Amino acid sequence: MWNSTKITQLLGIEYPILQGPMGGGFSTAALLASVSNAGGLGSYGAYTLTPEEIREAGKEIKLATSKPYNINLWVNDVDKSLLNYPAEKLEKIKQQFKPYFDELGIPLPDLSSDIPSKFEKQVEVLFELKPAVFSFIFGIPSKEILQESRKLGIKTIGAATTLEEALALEDAEVDAIIAAGFEAGGHRPSFLKPAQESFTGLFSLVQQLKAKTKTPIIAAGGIIDAKGIAAALTLGADAVQLGTAFMVTDESGAAPIHKEMLFKNPNVPTTVSKSLTGRMGRMISNKISDAVPFETEVLPFPLQTKLIAPLKVAALAQGRTDMISFWSGQNTSNLKHHKANELMQSLITETAAFYRKAR
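Rules used throughout
Residues numbered from 1 in each chain as written. Predicted model: local features only at pLDDT ≥ 70, side-chain atom pairs only at ≥ 80, totals over all residues. Heavy atoms only, no water. Helix = DSSP H or I, 4+ residues; strand = E, 2+ residues; numbered from the N terminus. Buried < 20%, exposed > 50% of the residue type's maximum accessible area, 1.4 Å probe, protein only. Contact = heavy atoms within 4.5 Å. Areas by Shrake-Rupley, 256 points an atom, 1.4 Å probe, with all protein chains shown as cover. Core = buried A, V, L, I, M, F, W, Y, C linked by side-chain atoms within 4.5 Å. Phe/Tyr/Trp six-rings, centres within 6.5 Å; stacked < 30°, edge-to-face > 60°. Lys NZ or Arg CZ within 6 Å of the ring centre and 35° of its normal. Pairing = 2+ DSSP bridges. Right-handed = clockwise from strand over helix to strand, strands pointing away. Salt bridge = Lys/Arg side-chain N within 4 Å of Asp/Glu carboxyl O. Axes fitted to C-alpha atoms, helices over the stretch in contact; angles between N-to-C directions.

1. Section: the overall build of the protein chain
Along the protein chain, the regular secondary structure elements total 14 helices and eleven strands. Along the longest, intermediate and shortest principal axes, the C-alpha atoms of the protein chain span 60 × 45 × 40 Å. Out of the 359 residues belonging to the protein chain, those deemed buried represent 56%. Long-range contacts, defined as pairs at least 24 residues apart, comprise 67% of the intrachain contacts of the protein chain with a sequence gap of at least 6. Carbon and sulfur atoms provide 52% of the accessible area of the protein chain, an area that totals close to 15400 Å².

Below you can see the structure in the form of structure tokens.
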């Protein structure tokens, strides 16, 4: 059976289909529950949340599903360069973005580089909630955190953009590894080399990982339908993770205009830019991302996020989609489902039919 894999056995789910753990307000208990209740693994991206907000989200999730689910955090959630960040450099970079604020008629925000990490406190709440899965990006948690996860029966999943990162995760004895292909939307979660040096495509990455590692592999990046699922499984992946296809459903927290843009513009051009948050991520090309090439210095993460946040709010209010950075994977050619449960049922039915036909 196509749906019986190392991942389904490991996580106690029926189908090897995972919902990408989209942070920044995109995740909801309703989206997570729709996927988990249909036999996949729903996820909740919690890296922007305070510990108390994660606790409240856990209560919502508990009311929505009794099935396995995943909470995702960022191991490295604040750039080290923010420590003692020069005030004059902060002001200089703010001024580079001033023309966009002037165009929308809003002032530049007051910013402070004093931004502490939330990760350790977030993990404490995660251990209280005891989700079936704890996934993470931008690094590897400490041995103590991984040991406590095992003690509590929580499976751990780390993301790799290169073979070297996958080997590091395997050495740390994580339970599964996400092969994060270059095609994926959202942040590029590289942690051993800069993101711009870790642009391996998904199918190449899956094959590299299968050849050199023994840990179960989850393929992520550019998969939106049954054909993509079948292709990834055929190349050796033990499961797939879909982000953009779930992000455009009604249950996700993405803005309606964000979803509408992806539905109405098949094959919309995307780019990889650090203009939105300070870290490289794939998004729909826009006026700002086009003007901020790789070599342009921006504020460290998450200070750049705080700079751009009021700009995004104003652009949304004024209908200026050319000024908004909308996350998206590289493949948007076959987005058609507005309900997460309908998407899951379609993926399950069509993948099963594909395998029956192949036999």
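2. Focus on the nonpolar core
Judged by nonpolar contacts, the single largest core of 96 residues is most densely connected at Ile17, Phe97, Phe134 and Phe246. Excluding residues within four positions of it along the chain, isoleucine 17 makes contact with Trp2, Val35, Gly40, Leu41, Ile229, Val240, Leu242, Met344, Leu347 and Ile348.

3. As for unusual backbone geometry
Apart from glycine, the bulk of residues carry a negative phi angle, and the bulk of peptide bonds sit in the trans form. The amide bond that connects phenylalanine 301 to the next residue, proline 302, takes the cis arrangement and shows omega of 0 degrees. The residue proline 302 is located in the loop between helix H12 (287-291) and helix H13 (303-318) in this model. A positive phi is found at phenylalanine 138, a non-glycine position, where the angle reads about 60 degrees. On the accessibility criterion, phenylalanine 138 (8% relative accessible area) is buried. Residues other than glycine seldom take positive phi values, yet glutamate 173 does so here, at roughly 65 degrees. Within the element layout of this structure, glutamate 173 appears in the loop between helix H7 (163-171) and strand E6 (176-180). Classification of glutamate 173 as exposed rests on a relative accessible area of 54%.

4. What about the packing of aromatic side chains?
Taken as a whole and judged by the stated rule, the model has eleven aromatic pairs. Among the aromatic side chains, those forming a connected cluster through ring pairs are Trp2, Tyr15, Phe354 and Tyr355. Cation over ring: arginine 279 sits above phenylalanine 138, and NZ or CZ is 4.5 Å from the ring centre. The positively charged end of arginine 282 is found above the aromatic ring belonging to phenylalanine 182, 4.4 Å away from the centroid.

5. Regarding the sheet that holds strand E10 (residues 270-273)
Ordered in space as E7-E11-E10, the three strands form an open sheet in which the pairing is antiparallel. Bordering the open sheet on either side are strand E7 (186-187) and E10, each of which pairs with just one other strand. Pairing between E7 and strand E11 (residues 281-284): two bridges, direction antiparallel. Directly across from glycine 186, in E11, lies its bridge partner arginine 282.

6. What about the pairing of strand E5 (residues 155-160)?
In terms of burial, E5 is largely enclosed, as five of its six residues are buried. Here four bridges tie strand E4 (residues 133-137) to E5, and the two strands are oriented parallel to one another. Within the sheet, the bridge partner assigned to serine 135 lies in E5 and is isoleucine 157. Regarding the hand of the β-α-β motif, the stretch spanning E4, helix H6 (residues 143-152) and E5 is right-handed. Summarising the sheet, E5 and E6 pair through four bridges and their orientation is parallel. In the strand pairing of E6, alanine 159 is matched with isoleucine 178. Taken together, E5, H7 and E6 form a β-α-β motif whose crossover is right-handed.

7. Describing helix H2 (residues 29-37)
Among the nine residues of H2, seven are classified as buried, and the element is accordingly described as predominantly covered. Turning to H2, its buried residues are Ala29, Leu31, Leu32, Ala33, Ser34, Val35 and Ser36. Tucked inside the fold, the buried residues of H2 contact strand E1 (17-19), strand E2 (42-45), helix H3 (51-64), strand E3 (69-74), helix H10 (244-247) and helix H14 (340-358). Within two residues after H2, glycine 39 carries a phi angle of roughly 105 degrees, on the positive side.

8. Digging into the pattern of salt bridges
Summed over the entire model, instances satisfying the criterion amount to 13 salt bridges. Residue lysine 287 pairs with glutamate 103 through a salt bridge whose shortest N-O separation is 2.8 Å. You can see lysine 287 sitting in helix H12 and its partner glutamate 103 sitting in helix H4 (residues 87-104), a full 184 residues away along the chain. Residue glutamate 103 is classed as partly exposed on the basis of its relative accessible area of 36%.

9. Brief notes about helix H5 (residues 119-129)
Buried within H5 we find Phe119, Gln122, Val123, Val125, Leu126 and Phe127. Buried-residue contacts for H5 involve H3, E3, E4 and H6.

10. Details of the sheet that holds E4
Strand order in the open sheet formed by eight strands is E1-E9-E8-E6-E5-E4-E3-E2, and the pairing between neighbours is parallel. This sheet does not close on itself; its edge strands, each paired only once, are E1 and E2. Each adjacent strand pair in this sheet contributes to an overall mean axis angle of 25 degrees, direction not counted. Across four bridges, E6 lies against strand E8 (residues 217-220) in parallel orientation. Counted as the bridge partner of alanine 179 is alanine 219 from E8. Packing against the sheet, H7 makes contact with E4, E5 and E6, and its axis sits at approximately 160 degrees to E5.

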